[in-house]
Structure formats: structure tokens, C-alpha cells
Amino acid sequence: MSFVLDNSVVMRWCFGDGKPADLAYATKAMEALPGSTAMVPIIWALEVANVLARAEYAGSIDVAHGDAFLAMLRKLPIETDVEGAAFALSETLGLARRHRLSAYDAAYLELALRRQLPLATLDAALRKAAKRAGVSLFG
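Report on the accompanying structure.

**Overview of the packing of helix α1 (residues 7–15) against helix α3 (residues 44–58)**
1) Next: Interhelical geometry of α1 versus α3 gives an angle of 40° and a closest axis separation of 11 Å. Considering the angle they form, α1 stands oblique to α3. When you trace α1 past α3, the crossing you get is right-handed. Taken together, the residues of α3 that come into contact with α1 (itself represented by Asn7, Val10, Met11, Cys14 and Phe15) are Trp44, Glu47, Val48, Val51, Leu52 and Ala55.
2) Next: Tallied by class, residues from the contact of α1 with α3 come to 9 nonpolar, 1 polar and 1 charged.

This is how it looks when you write it as C-alpha cells:
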């Protein structure tokens, strides 16, 4: 089963922080990957890089931890949807406006709608928007 993977879930894998329910959800998404593919919008890699860089600057993790995490991510069946850029100034913007999301979060919602896939996210606003848009949630 394929699903759209939001960065909020991925960062739980890196930091192992958050509420126990969030960590369990992130673990469930990770455990689903051997038999499925996680789809991510084209902005996902920049989001990952941004969070890692900020955590390194703040001293929350060191470069070695960040590099090890990236090596682990590269081994996972995560596929970047390059077609999403064509929808950024139309469908994605419309979803951001309609659901009061950032364009970044709306990119995940647009991908889930277009590919008719469930969305794995821990972001409360994105979860609400997905439900309103008729997108099923992972798990």
C-alpha cells in the first residue's frame, strides 16, 4: 500500500521526540515501508534539509547524526513526485487558500488527492484539511 508521507512523521524518526502516540504513529508508518512506497512532494527534501540544518545549528544533533539519518532515508522506498510542481500555482494554492494551510502543507494534500493515497501526517491542521477534502489518513 502506498501513502503520502509528511515530514512531520519523518522527523519523529530522526529525533525520536514527541508524544507517545505520535511516536507510535511514526513507527507504524516506518514499519509499513518495506511493503509499500511513500510518496513525497518535491519540497520534501528541502524540508528535511532545513530541519536537519536548524537542529545542527541549535546543537540538538551533530552532523554525524544528520548524515546517518540521511543515509537511512536513502535506503527507504520514498519516491519524490516531480509532477507536483505543475500544480503549485493552481490546485496547491487553491487548497492552501481553502484550508488555510501553508503552501508546503497543501503540497502534501494535493499529492494525496491527485494520487488518491492516504496521508501520513502528525500535523493537526493538515489532518483536519485532509478529512474535509475527503483524503483518508494513514493508519
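Now that the structure is up, let's keep going.
**Points about the sheet that holds strand β3 (residues 78–81)**
1) Next: Strand order in the open sheet formed by 4 strands is β3-β2-β1-β4, with parallel pairing between adjacent strands. The open sheet has two edge strands with one neighbour each: β3 and β4 (119–120).
2) Next: As paired elements, strand β1 (residues 3–5) and β4 share 2 bridges and run parallel to each other. Its bridge partner being in β4, Val4 is matched across the sheet by Leu119.

Calculation notes
- Residues numbered from 1 in each chain as written.
- Predicted model: local features only at pLDDT ≥ 70, side-chain atom pairs only at ≥ 80, totals over all residues.
- Heavy atoms only, no water.
- Axes fitted to C-alpha atoms, helices over the stretch in contact; angles between N-to-C directions.
- Helix = DSSP H or I, 4+ residues; strand = E, 2+ residues; numbered from the N terminus.
- Parallel < 35°, antiparallel > 145°, perpendicular 65-115°, else oblique.
- Left-handed = near helix turned anticlockwise from the far one by under 90°.
- Contact = heavy atoms within 4.5 Å.
- Nonpolar A, V, L, I, M, F, W, Y, C, P; charged D, E, K, R; others polar.
- Pairing = 2+ DSSP bridges.

The analysis is restricted to geometry; functional conclusions fall outside its scope.
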